[in-house]
Amino acid sequence: MSKKVGIARAHTNIALIKYWGKRDKALFLPMNSSLSLTLDAFYTDTKVIFDASLPADTFYLNMEKQSQKEIEKISQFLDLFREYTGEKRFACVESLNRVPTAAGLASSASAFAALALATATALGLEMSREELSTFARRGSGSSTRSLFGGFVEWDMGTTSADSMAHPIDDASWDIGMIILAVDTGKKKIASRVGMEHTVQTSPFYSMWVETAAQDLQDIKAAIAQKDFERVGQLTEHNGMKMHATTLSANPPFTYWTADTMKAQEAVRQVREDLAVPAYMTMDAGPNVKVLCRASDMDELVTALKEYLPADQVLTSLPGSGAYVLSEADWQESQATFSKGVAHD
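Residues numbered from 1 in each chain as written. Predicted model: local features only at pLDDT ≥ 70, side-chain atom pairs only at ≥ 80, totals over all residues. Heavy atoms only, no water.

A. Broad picture of the overall build of the protein. Of the regular secondary structure elements, the protein holds 10 helices and 14 strands. C-alpha extents for the protein along the principal axes are approximately 65 × 45 × 40 Å. Looking at the 344 residues of the protein, the share that counts as buried comes to 54%. At a minimum sequence separation of 6, the contacts of the protein that also span at least 24 residues come to 78%. Accessible surface computed for the protein: about 14,400 Å², of which carbon and sulfur atoms make up 52%. Each charge class in the protein can be summarised by its mean position, and for the 34 positive and 43 negative side chains these summaries are 6 Å apart. (Helix = DSSP H or I, 4+ residues; strand = E, 2+ residues; numbered from the N terminus. Buried < 20%, exposed > 50% of the residue type's maximum accessible area, 1.4 Å probe, protein only. Contact = heavy atoms within 4.5 Å. Areas by Shrake-Rupley, 256 points an atom, 1.4 Å probe, with all protein chains shown as cover. Lys, Arg positive; Asp, Glu negative; His and termini not counted. Charge placed at Lys NZ, Arg CZ, Asp CG, Glu CD.)

B. Fine view of the environment of Thr257. Inspection of the secondary structure puts Thr257 in the loop between α7 (228-247) and α8 (258-274). Judged by relative accessible area, Thr257 falls into the partly exposed class, the value being 31%. With 71 residues separating them along the chain, Thr257 and Lys186 place their C-alpha atoms 13 Å apart.

C. Focus on the domain arrangement of the protein. Taken as a whole, the protein is organised into domain 1 (1-172 + 326-343) and domain 2 (173-317). Measuring from the centre of the C-alpha atoms in domain 1 to the corresponding centre in domain 2 gives 24 Å. Counting from both sides, the interface comprises 36 residues of domain 1 and, opposite them, 49 residues of domain 2. Regarding the contact of domain 1 and domain 2, the summed buried area is about 3,400 Å², with carbon and sulfur atoms giving 68% of it. Viewed at the interface, domain 2 and domain 1 are joined by 4 salt bridges. Of all the secondary structure elements, the ones that give two or more residues to the side of domain 1 that touches domain 2 are β1 (3-17), β4 (34-51), β8 (151-155) and β9 (164-169). Top contributing element to the side of domain 1 that touches domain 2 by residue count: β4, with 8 residues. Among the residues making up the side of domain 1 that touches domain 2, the classes are represented as 20 nonpolar, 10 polar and 6 charged. (Domains from an automatic or database assignment. Buried area = accessible area lost by both parts, 1.4 Å probe. Salt bridge = Lys/Arg side-chain N within 4 Å of Asp/Glu carboxyl O. Nonpolar A, V, L, I, M, F, W, Y, C, P; charged D, E, K, R; others polar.)

D. Representation of the pattern of salt bridges in the model. In total, this model carries 16 salt bridges according to the counting rule given. The salt bridge involving Lys18 is made with Asp283; its shortest N-O contact spans 2.6 Å. In this pair, Lys18 is assigned in the loop between β1 and β2 (22-24) and Asp283 in the loop between β11 (278-281) and β12 (288-293), connecting sequence segments 265 residues apart. Residue classification places Lys18 among the buried positions, given a relative accessible area of 1%. With a closest N to O distance of 4.0 Å, Asp169 and Lys226 form a salt bridge. Taken as a pair, Asp169 in strand β9 and Lys226 in the loop between α6 (205-224) and α7 lie far apart in primary sequence, 57 residues in all. Assessed through its relative accessible area of 15%, Asp169 is described here as buried. In this structure, a network of salt bridges that share partners links the residues Lys4, Glu87 and Arg89.

E. Looking closely at α6. When the terminal C-alpha atoms of α6 are compared, their 29 Å separation across 20 residues agrees well with the 28 Å that a helix rising 1.5 Å per residue should span. Of all the positions in α6, only Tyr205, Trp208, Ala212, Asp215, Leu216, Ile219, Ala222 and Ile223 are classed as buried. Buried residues in α6, looked at end-on, bunch into an arc of 135°, giving them a common side. Turned more than 90 degrees off the buried face of α6, the exposed positions are Ser206, Glu210 and Ala224. Among the structural elements, β1, β4, β8, β9, α5 (191-201) and α7 are those in contact with the buried residues of α6. (Expected span 1.5 Å × (residues − 1). Arc of directions from axis to C-beta.)

F. View of the packing of helix α1 (residues 68-85) against helix α2 (residues 107-122). Relative to each other, α1 and α2 sit at 40°, their axes nearing to 11 Å. One way to sum up the angle between α1 and α2 is to call them oblique. The handedness of the crossing between α1 and α2 is right-handed. Of the residues in α2, those in contact with Ile74, Phe77, Leu78 and Phe81 of α1 are Phe112, Leu115, Ala116, Thr119 and Ala120. In terms of residue class, the contact of α1 with α2 is made up of 8 nonpolar, 1 polar and no charged. (Axes fitted to C-alpha atoms, helices over the stretch in contact; angles between N-to-C directions. Parallel < 35°, antiparallel > 145°, perpendicular 65-115°, else oblique. Left-handed = near helix turned anticlockwise from the far one by under 90°.)

G. Spatial organisation of the UniProt feature "domain: Mvd1 C-terminal" (unreviewed entry) in the protein. The UniProt record marks residues 177-315 with the feature "domain: Mvd1 C-terminal" (unreviewed entry), using the residue numbering of this structure. Annotated as 55% helix and 12% strand, the span residues 177-315 places its first and last C-alpha atoms 6 Å apart. (UniProt positions renumbered as here; feature names shortened; annotations may be inferred.)

H. Quick peek at the packing of aromatic side chains. A full pass over the atoms with the stated rule returns 9 aromatic pairs. Ring geometry for Phe77 versus Phe112: centroids 5.2 Å apart, planes at 70°, classification edge-to-face. Of this pair, Phe77 sits in helix α1 while Phe112 sits in helix α2, placing them 35 residues apart in sequence. Relative accessible area serves as the criterion here: at 2%, Phe77 is assigned to the buried category. (Phe/Tyr/Trp six-rings, centres within 6.5 Å; stacked < 30°, edge-to-face > 60°.)

I. Inspection of the packing of α6 against α7 at higher detail. In contact at an axis separation of 9 Å, α6 and α7 are set at 165° when each is read in the N-to-C sense. Between α6 and α7, the angle is such that the two are roughly antiparallel. Along this stretch, α6 crosses α7, giving a crossing that reads as left-handed. Contacts between α6 and α7 involve Trp208, Thr211, Ala212, Asp215, Asp218, Ile219, Ala222 and Ile223 from the former and Arg230, Val231, Leu234, Thr235, Asn238, Lys241, Met242 and Thr245 from the latter. For the contact of α6 with α7, the class distribution of residues is 8 nonpolar, 4 polar and 4 charged.

Below, the structure is given as structure tokens:
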């Protein structure tokens, strides 16, 4: 057979207990374990075709051929699977990304989770999602978590073999998230660059790692008890501590913008006015995410739109784990993408 094909969809995730810093840059081993919520509103569809007739790997993102630099990143990731299986063929990778790229909305998480599952499917690999997450991790650390739905933990592990993700809870108990997308342009400082600079220069960083470990234990206990307010409080505090490490780096930097600050103040004002629990978190980007009860989401959205443009206020429920798509699914995805269907 001259071709092997795999197609998969993976949703993005937002970390509630953050991953920020690597102890091994080559293997993408994190400094601390993390926990996230997978979202249904943002996702990536990816098709991988191993083809004996191809003279080299190719990569198309959103129907546009990518630069040689981007293709090399994909090739290095595919090499992990080729080395594992003995596959010799090059591949054509086509990806449709329904997440604004490099805007702090975890586009790399859904991208590499989808690529990992599509590649494993094409090569007929029978491995657990936990094991597959150790492959996905080598493309993007946070992609480990996008292989699963609901609340997901990425265990930092002790080696590359056991630094993997696993599901904690399906988040089916009235959980929602509002995304205040104040700027979906490409950020100036990539996450990898920002976290490395922080690890090397922030005097607060060691305390971040120490407190993040306790935050993780506390939030897992709160999730087990379905204590939403405790989950939210831990989420907001952990996220703000992460961003404090960037401000204490040398030289200091931040992913926040003036619009970020306005969005944060809007959240504080709305939750005070409505007396509704809603808790902020932010990844390495300017956009603010608001953890809330799904049943409160409409009321919160209406109030937030008094402060922010309506098109910047997006909503999501918990998403599922990554899954395999059929060729018909892929054709439909291409058609809707071409028509400009985005984050409905």
